[in-house]
Amino acid sequence: MSEGWRVTCEGLTVRYKTWESWTTALKDFEGSFIPGEITVVFGPSGSGKTTLLKAVGTLLRPTGGTVRYGERNPYELPRKELLNLRREVGISFQQPVFVPQLTLWENIELVLNSSDRLDGAHKELAVSLAEKLGIRGLLKKRPSEVSGGELRRASIVMALAKDPAVVILDEPTAYLDEESSKAVVDILKELEEGGKTVVVATHDPGLIGIAGATYKLRYGMVVGNALSKETS
Ligand SMILES: Nc1ncnc2c1ncn2[C@@H]1O[C@H](COP(=O)(O)OP(=O)(O)OP(=O)(O)O)[C@@H](O)[C@H]1O
Ligand SMILES: [Mg+2]
């Protein structure tokens, strides 16, 4: 099992350019996400949560500041090293991304394959996650043949099946009922106990309640944080 890495952000800023103007979605974010801790990012819609998670998740080059995995800045790595680093980062997007022609299981296999982890142990992990999340019986279906909440749970399996060191989940309990949300909470706690670095964006009080550290965003800025067993 891969243990987590410390991920540190300094002055992280993201500005989006649209055809007529710039939007500053994240401004001077400072923070560390540490192994063995669940960090929750919350705040109103449009406050920059997804933007932060994408920038931290190596998918959105910031317009200012840095992200570091240990000492490594993913946005300065050669392509091959970046791909290696991404194997250790599992992301569930706010709008889950699937190949529509493939079944849920084939989509999971695709992610495992792209991380060089299409082996018995990781497939077993995928099945056990699907079991915990109550979607084991749906894995032969295509994405268009399952509900929004089922797809959300499948995207969590996709993020976690490769056993990544760093887990980034954007609104993992959106569309989920109480029982499924509790299954997500249980899985997050297991990840925490397993020493993973876990970053979650949410509006769900149930998830905010289990956080070791929190950042509250508003207009792209931190307006409240409760840090972390490490610093408190
Ligand atoms: N690709 C983009 N181009 C331009 N503006 C964007 C883009 N993505 C997001 N934004 C803007 O950046 C701001 C932050 O968006 P973001 O998606 O990070 O918010 P959020 O906190 O995740 O919101 P929600 O709770 O609704 O998911 C918003 O004002 C949004 O309209
Ligand atoms: Mg969002």
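Residues numbered from 1 in each chain as written. Chains lettered and ligands numbered in written order. Predicted model: local features only at pLDDT ≥ 70, side-chain atom pairs only at ≥ 80, totals over all residues.

## A short note on helix 6 (residues 178-193)
The line we're drawing: Runs of E in the DSSP output that reach at least two residues are strands. Runs of H or I that reach at least four are helices, and both are numbered from the N terminus. The length a helix should cover is 1.5 Å for every residue beyond the first. Any residue with 12 or fewer other C-beta atoms within 10 Å of its own C-beta is exposed, any with 20 or more is buried, and the rest are partly exposed; the C-beta atoms used are placed from the backbone. C-beta atoms are placed from the backbone for every residue, and two residues are taken to be in contact when these atoms lie within 7 Å.
The end-to-end C-alpha distance of helix 6, which contains 16 residues, comes to 23 Å, matching closely the 22 Å that a straight helix rising 1.5 Å per residue would cover. Considered for burial, the residues of helix 6 that qualify are Ser 180, Ala 183, Val 184, Ile 187, Leu 188, Leu 191 and Glu 192. Summarising the contacts, the buried residues of helix 6 are in contact with strand 3 (37-42), helix 4 (120-132), helix 5 (148-160), strand 6 (166-170) and strand 7 (197-201). Gly 195, located one to two residues past helix 6, shows a positive phi value of around 85°.

## A few points about the site of ligand 1
Defined as follows: Contact assignment follows one rule, namely that a residue is near a molecule or strand if its backbone-placed C-beta atom lies within 6 Å of it. Any residue outside Ala, Val, Leu, Ile, Met, Phe, Trp, Tyr, Cys, Pro, Asp, Glu, Lys and Arg is labelled polar, Gly included; the first ten of those are nonpolar and the last four are charged.
In the vicinity of ligand 1, the contacting residues are Tyr 16, Thr 18, Thr 23, Ala 25, Ser 45, Gly 46, Ser 47, Gly 48, Lys 49, Thr 50, Thr 51 and Gln 94. When residues of the shell around ligand 1 are traced back to their parent elements, those giving at least two are strand 2 (22-33) and helix 1 (49-56). Broken down by element, the shell around ligand 1 gets its largest block of residues, 3 residues, from helix 1. Looking at side-chain class alone, the shell around ligand 1 contains 2 nonpolar, 9 polar and 1 charged residues.

## Observations regarding the sheet that holds strand 5 (residues 89-92)
Rules: In this description, strands pair whenever DSSP reports at least two bridges between them. Axis definition: a line fitted to C-alpha atoms, over the contacting stretch in the case of helices. Angles run 0 to 180 degrees between N-to-C directions.
If you trace the 6 strands from one edge of the open sheet to the other, you get 5-6-7-3-8-9, paired in mixed fashion. Both edges of this open sheet fall to strand 5 and strand 9 (221-226), since each of them pairs with a single strand only. Between one strand axis and the next, the sheet turns by 15° as a mean value, whatever way the strands run.

## Topic: unusual backbone geometry
If a residue is not glycine, its phi is most likely negative; likewise, a peptide bond is most likely trans. Despite not being glycine, Asp 116 shows a phi value in the positive range, around 60°. A residue is classified by how many C-beta atoms lie within 10 Å of it, and Asp 116, with 11 of them, is exposed. At Tyr 175, a residue that is not glycine, the phi angle is positive and equals roughly 70°. Note on placement: Tyr 175 falls in the loop between strand 6 and helix 6. Residue classification places Tyr 175 among the partly exposed residues on the basis of 14 C-beta atoms within 10 Å.

## Describing the sheet that holds strand 4 (residues 64-69)
On the basis of which strands lie adjacent, the open sheet formed by 3 strands has the order 2-1-4 and antiparallel pairing. Two strands in the sheet have a free side with no partner beyond their single neighbour: strand 2 and strand 4. Taking each pair of neighbouring strands and ignoring which way they run, the sheet shows an average axis angle of 25°. Two elements, strand 1 (residues 7-17) and strand 4, share 5 bridges in a ladder whose sense is antiparallel. Residue pairing across strands places Val 7 opposite Tyr 69, the latter belonging to strand 4.

## Focus: the nonpolar core
For the record, the criterion: By definition, a nonpolar core groups buried Ala, Val, Leu, Ile, Met, Phe, Trp, Tyr and Cys residues that are joined through C-beta atoms within 7 Å.
By size, the foremost hydrophobic cluster in this structure holds 60 residues, and its most contacted members are Val 56, Val 157, Ala 161 and Ile 168. Top contributing element to this core by residue count: helix 5, with 7 residues.

## What to know about the pairing of strand 5
Of the two faces of strand 5, both are covered, the one formed by Val 89 and Ile 91 as well as the one formed by Gly 90 and Ser 92. In terms of strand pairing, strand 5 meets strand 6 through 4 bridges, oriented parallel. By the bridge assignment for strand 6, Ile 91 is matched with Ile 168.

## Observations regarding the pairing of strand 1
Taken together, the 8 bridges between strand 1 and strand 2 define a ladder with antiparallel strand orientation. Bridging across to strand 2, Val 7 finds its partner in Phe 33. What sits between the antiparallel neighbours strand 1 and strand 2 is a turn of 4 residues.

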